[in-house]
Amino acid sequence: MMKTTKKTRNTFLSHFVLFLSCFVLMEVGLGQSPTSEIKVGVVLDLKTTFSKICLTSINMSLSDFYGDHPNYRTRLSLHARDSMEDVVQASAAALDLIKNEQVSAIIGPRSSMQAEFMIRMANKSQVPIITFSATSPLLTSIKSPYFVRATLDDSCQVEAIAAVVNSFGWRSVVAIYVDNELGKGIMHSLSDALQDVEVHRSVISTEASDDQILKELYKLKTRQTRVFVIHMASRLGFRVLQKARKIGMLEKEYVWLLSNGMTNMMTHDGRSLETMQGVLGVRNHVRKSKELEDFRLRWKRKYQKDNPSTRDDVELNVFALWAYDSITALATAVEKTNTNNMRYDNFSALSNNTTDLGTLGVSLYGPSLLEALSRVEFKGLAGEFSLVNRQLVASTFDIINVVGNEERIIGTWTPRDGLMNTNSKKTTLFSNERLGPVVWPGSSYGVPKGWEVPTDGKKIKVGVPVKQGFFNFVEVTTNPITNVTTAKGYAIDIFEAALKKLPYSVIPRYYRIESPEDNYNYLVHQVYDGTLDAVVGDITITANRSMYVDFTLPYTESGVSMLVPLRDNENKNTWVFLKPWSLDLWITTGCFFVLIGFIVWLFEHRVNSDFRGPPHHQIGTSFWFSFSTMVFAHREKVVSNLARFVVIVWCFVVLVLTQSYTANLTSFLTVQRLEPRATSVEDLIRNGESVGFQHGAFVKDTLKGLGFKESQLKSFGSAEKCDELLSNGTSKGGIAAAFDEVAYLKAILSKYCSKYAIVEPSFKTAGFGFAFPKNSPMTGDVSRAILNLTQGEEMAGIENKWFNRLSLASECPDPKTALSSNRLSLSSFWGLFLIAGIASFLAFLIFVGHFLYEHRHTLCDNTEGSLWRKLTSLLRTFDAKDTKSHTFKNSAVHNVSSPVTQCTPSPSTLQMRPWPRSMSLNREFELRRASFFMSEERLTTQAEHNKHGESDIESGSER
């Protein structure tokens with residue numbers, strides 16, 4: 001029994017030990033809290049030094065955070081994707097992370113250009129995008145609640161930049177920026193901040209070559225402004241600074257102010273500060289601390305371990321600090337959220353859209369994560385981390401001055417206090433010291449005034465041609481004592497007026513250029529080979545010359561015309577009365593006179609005795625009536641309403657025609673006393689006439705191309721010589737016409753306006769322009785200035801100064817007015833003839849319709865036989881009087897009071913003649929009744945005869 005009891009006790013002890021062991025193991029297991037993995041995507045340009053720097057900070061942030069919080073139940077799991085410095089690749093990487101990895105958030109991307117489409121994708125899938133380096137203000141305009149900017153918006157720095165500019169009193173700056181979202185985003189805010197400062201813009205392409213950068217810098221160098229604010233990606237920005245240093249734009253009196261992004265990347269990739277001496281910069285303030293210095297040392301070791309093949313001089317930048325703080329904030333927010341709903345709902349799967357974007361899922365975890373992230377606040381390595389409207393809040397900016405190898409802080413700016421001196425800690429509003437001691441470019445300590453007459457453009461070498469005549473265009477003289485060359489004339493005044501309208505100062509220095517044989521191509525080649533900076537004068541723009549230089553817009557009228565002498569034609573033309581109308585108008589008017597005469601005869605023939613009688617009488621009456629309307633002398637009465645309608649319309653047409661003829665004939669007989677001796681090139685060539693051209697002009701080749709022989713061409717060098725040749729004429733060794741540019745011909749007319757006139761033809765040319773070297777920035781600026789001149793009153797004043805246009809307008813007739821012998825043609829009155837024609841045609845249709853309807857029994861009567869017989873019967877009816885017309889009825893009534901004659905009454909009329917008073921009343925009554933019945937019987941008989949076509953009413957009456 002004792003053995004049994006002992007055995008039972010051992011069994012109990014063994015079970016108790018086993019239970020205690022299980023309980024201890026359970027306690028240990030319960031003490032170890034399970035962790036949840038949260039997938040986070042990272043989209044960076046992984047092969048760039050910048051992204052490697054930031055990725056090292058991201059990994060260190062995770063290690064430090066979970067090292068400090070080992071009991072946290074969540075762990076971030078990073079899934080990196082390479083965006084390969086491409087916008088499309090960045091979007092593809094984000095799409096892969098959302099669709100395939102189903103990440104809860106994405107860190108990145110690197111640039112503002114890459115961020116735009118990613119933000120829209122994140123908004124659709126409700127996945128927060130957290131960027132620490134995309135700074136463009138334009139991204140905010142997308143208004144996506146899932147875009148979190150853990151860095152500073154570029155617009156935060158514009159007030160600090162404006163404070164620096166205003167503190168030195170600069171009134172004009174040039175903003176140099178890149179032509180993408182990064183550069184364009186800041187310009188609106190910068191212009192608003194610099195309200196009292198004139199802001200000029202200079203755009204550099206992201207793909208700009210060194211030559212393109214130099215071209216833009218040379219253009220800026222010719223301007224007056226010497227203060228440059230540069231904002232672009234650091235790689236491109238420092239290329240611009242290198243080229244500016246190369247051409248002397250980092251010397252004395254120049255100011256360069258870098259934006260926050262460039263200032264933070266000054267030493268990136270081992271850049272030397274020696275190339276940026278005297279440059280100012282705006283940089284967000286990062287407070288120094290022991291924690292930051294310890295992290296910098298740890299980061300250096302970690303970076304060199306992860307990237308052993310990279311340079312040793314790679315330094316930590318503020319963007320890496322923002323990347324570190326972004327991971328810390330995200331890990332903190334994840335820990336505060338409920339991770340049970342970390343899944344995607346594919347609502348788009350119900351639709352027919354089968355594209356990758358169409359089947360993109362929606363994160364149910366995104367809204368809660370975003371809300372938690374917005375509430376996170378802590379003191380990070382880069383400063384206070386606090387999001388307002390999902391953006392990091394700006395606080396303080398440092399003003400940097402590069403001196404030697406040092407980035408010297410010369411001042412600070414805060415939203416509350418503005419710009420402060422670092423040493424005095426006083427704002428510039430109350431202190432005479434703007435900032436700390438500044439070393440400007442060129443090792444200058446004097447504050448640049450911000451503008452200067454351009455050093456390279458101060459004295460541009462301008463060639464001026466020496467001319468034999470036409471000095472009102474250009475005249476150049478040289479003082480033999482001082483050897484100073486001066487130029488004057490119409491072209492010089494236009495050029496100098498255009499220079500005054502440029503946004504920068506240019507002072508021309510004129511040089512006297514004598515070209516062989518007055519050939520201006522020689523001057524053009526002087527500009528082409530770099531001897532001259534420009535050529536100013538009466539230089540014609542031609543295709544051949546434009547191959548070597550660039551021309552401005554023309555400042556004169558274009559074209560080559562012909563100048564001919566005038567002769568008096570008074571009382572020498574017998575047929576001058578025919579000139580007011582052209583041949584087609586004369587013929588058309590005559591045809592309509594005939595037409596109207598026929599139409600009126602047609603309507604009046606049956607009802608008006610004036611239009612009846614023998615054929616020759618009817619034709620004469622019709623023509624007489626129609627042509628007499630020309631002077632409104634027609635006497636014939638018109639009784640038909642249709643004829644009256646046509647005559648009224650035609651009288652209106654005749655009134656307009658006669659008045660126009662009278663006015664134009666008056667002009668021919670009074671105004672035009674002169675006419676050109678030659679009017680066409682063909683006449684000159686056919687008659688063997690000699691023609692002139694200006695010596696050295698390209699017009700000679702044009703005349704040869706038209707068919708003139710060499711022996712017919714004579715040159716002149718001045719307006720006086722041209723007048724002499726034209727006065728002599730071909731017979732006396734002169735010329736019959738002069739060909740030249742319109743501007744030259746008008747200059748000749750300004751002296752001899754009563755002797756000559758410009759006539760057709762006119763050959764197209766480009767006019768006069770100023771020549772500059774190829775791709776010269778001044779070409780476009782001067783062209784715009786010329787355009788402003790031509791649209792204003794200043795150009796008219798210059799023309800009047802050199803050509804006396806105002807006095808000539810009153811003393812000399814305008815050649816175009818004096819030779820305005822244009823005849824009136826049919827095109828001027830075709831509308832009137834159209835109205836008259838339509839009125840006549842409509843009246844004709846009404847008349848024919850009414851006539852056929854009235855005699856429809858003739859057309860419908862089958863006893864008449866053939867159609868020809870019916871038409872013949874209708875024509876005979878038309879030729880007869882219309883006895884039903886009121887005109888003949890009135891005639892019968894009037895004839896009642898006529899005296900008794902011995903003639904037998906006509907059967908065609910009912911005439912009731914009075915009887916003598918001596919007859920008895922009974923006898924009178926009987927005779928009148930017999931006469932009535934006799935007339936009625938004869939009328940009945942005549943109607944029967946007309947029906948059978950035997951004779952008309954008048955023939956029957958005669959029989």
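The rules we used
- Counting restarts for each chain: residues are numbered from 1 in the order of the written sequence.
- Local features in this predicted model are restricted to residues whose pLDDT is 70 or higher, and side-chain atom pairs enter the listing and the counts only when it is 80 or higher, whereas totals over whole chains, interfaces and linings include all residues.
- Each side-chain value is derived from all of the structure's non-hydrogen atoms; neither hydrogens nor water enter the calculation.
- The way it works is that DSSP assigns letters per residue, a run of H or I at least four long becomes a helix, a run of E at least two long becomes a strand, and they are numbered from the N terminus.
- Only the protein chains shown count as cover for residues, and all accessible areas are computed by the Shrake-Rupley method using a 1.4 Å probe.
- Residue types Ala, Val, Leu, Ile, Met, Phe, Trp, Tyr and Cys, when buried and joined through side-chain atoms within 4.5 Å, form a set referred to as a nonpolar core.
- When accessible area is computed with a 1.4 Å probe and restricted to protein chains, residues below 20% of their type maximum are described as buried, those above 50% as exposed, and intermediate ones as partly exposed.
- Residues are treated as being in contact if the distance between any of their heavy atoms lies within 4.5 Å.
- Between any two strands, at least two bridges found by DSSP are needed for them to pair.
- With axes taken as lines fitted to C-alpha atoms, and helix axes fitted only over the stretch in contact, angles between N-to-C directions fall between 0 and 180 degrees.
- Handedness of each helix crossing follows the sense of rotation of the near helix against the far helix: counterclockwise by less than a right angle gives left-handed, clockwise gives right-handed.
- Charged residues are taken to be Asp, Glu, Lys and Arg, nonpolar residues to be Ala, Val, Leu, Ile, Met, Phe, Trp, Tyr, Cys and Pro, and polar residues to be all remaining types, Gly included.
- As a per-residue measure, pLDDT reflects the predictor's confidence and takes values from 0 up to 100.
- Centres within 6.5 Å make a pair out of two Phe, Tyr or Trp rings, where for Trp the six-membered ring is used; the pair is then stacked when the planes are under 30 degrees apart, edge-to-face when over 60, and tilted otherwise.
- Salt bridges are counted wherever a side-chain nitrogen of Lys or Arg sits within 4 Å of a carboxyl oxygen of Asp or Glu.

**Brief notes about the overall build of the protein**
No. 1: Of the regular secondary structure elements, the protein holds 31 helices and 31 strands.
No. 2: For the protein, the accessible area works out to roughly 49,700 Å², and carbon and sulfur atoms hold 55% of it.

**Section: the nonpolar core**
No. 1: Residues Leu76, Ile107, Phe132 and Leu330 are the most contacted members of the largest nonpolar core, which totals 85 residues.
No. 2: Here this core takes 13 residues from helix H11 (residues 318-335), the largest share from any one element.
No. 3: Discounting residues that sit within four places of it in the chain, Phe132 has contacts with Leu44, Phe50, Cys54, Ile58, Ile107, Ala150, Thr151, Phe319, Trp322, Ala323 and Ser326.
No. 4: Listed in part, the 51 residues of the second largest apolar core include Tyr510, Val536, Leu726 and Ala785.

**So, the sheet that holds strand E10 (residues 280-284)**
No. 1: Read across the open sheet, the 8 strands follow the order E7-E6-E8-E9-E10-E16-E17-E18; overall the sheet is mixed. A strand with exactly one partner marks an edge of an open sheet, and here the two such strands are strand E7 (198-204) and strand E18 (418-421). For this sheet the average axis-to-axis angle between neighbouring strands, irrespective of direction, equals 30 degrees.
No. 2: Strand direction decides the pairing type here: E10 and strand E16 (residues 397-403), joined by 5 bridges, are antiparallel. Within the sheet, the bridge partner assigned to Arg283 lies in E16 and is Asp398.
No. 3: Relative to strand E6 (residues 172-178), helix H6 (residues 181-193) is tilted by about 155 degrees, and along the sheet it contacts E6, E7 and strand E8 (227-231).

**Comments concerning the packing of helix H2 (residues 49-68) against helix H10 (residues 290-306)**
No. 1: Running from N to C, H2 and H10 cross one another at 115 degrees; their axes reach a closest spacing of 10 Å. For the crossing formed where H2 meets H10, the hand is right-handed. Here Thr49, Lys52, Ile53, Thr56, Ser57, Met60 and Asp64 of H2 lie close against H10, whose contacting residues are Phe295, Arg298, Trp299, Lys302, Tyr303 and Asp306.
No. 2: Its residues assigned to classes, the contact of H2 with H10 shows 5 nonpolar, 3 polar and 5 charged.

**Things to note about the confidence of the model for the protein**
No. 1: In the predicted model, the protein carries a mean pLDDT of 80, and 80% of its residues have values of at least 70.
No. 2: For the stretch residues 22-32, pLDDT sits under 50, and the model shows 0 contacts to residues farther than four places along the chain or on other chains.
No. 3: Within the model, pLDDT remains below 50 along residues 932-937, and this stretch shows 1 contact once partners closer than five positions in the same chain are excluded.

**A few points about the packing of aromatic side chains**
No. 1: In total, this model carries 35 aromatic pairs according to the counting rule given.
No. 2: When the centroid spacing of 5.9 Å and the interplanar angle of 75 degrees are considered together, the rings of Trp170 and Trp440 count as edge-to-face. Within this pair, whereas Trp170 is found in the loop between helix H5 (158-167) and E6, its partner Trp440 is found in the loop between E18 and strand E19 (459-465), the two being separated by 270 residues in sequence.
No. 3: Overall, Trp440 belongs to the buried group, its relative accessible area being 2%.
No. 4: Grouped by ring-pair contacts, the aromatic residues Phe473, Tyr490, Phe495, Tyr555, Tyr744, Phe768, Phe770 and Phe803 constitute a single cluster.

**Regarding the pairing of strand E20 (residues 475-478)**
No. 1: Direction of pairing for E20 relative to strand E21 (residues 485-488): antiparallel, over a ladder of 4 bridges. Residue pairing across strands places Val476 opposite Ala487, the latter belonging to E21.
No. 2: Between E20 and E21, which follow one another and run antiparallel, lie 6 residues, and Asn483 among them has a positive phi close to 60 degrees.

**Comments concerning the pattern of salt bridges**
Opposite charge on two side chains allows them to pair when their charged atoms are near.
No. 1: Evaluation of the coordinates by the stated rule reveals 27 salt bridges.
No. 2: The residue Asp96 makes a salt bridge to Arg81 at a minimum N-O spacing of 2.8 Å. Here the residue Asp96 occupies a position in helix H3 (residues 87-101), and Arg81 occupies one in strand E2 (residues 74-82), the gap between them amounting to 15 residues.
No. 3: With a shortest N-O distance of 3.2 Å, Arg416 and Asp417 are connected by a salt bridge.
No. 4: Looking at Arg416, the relative accessible area reads 75%, which means it is exposed.
No. 5: Put simply, Lys39, Arg81, Asp96 and Glu101 are held in one network by salt bridges that share partners.

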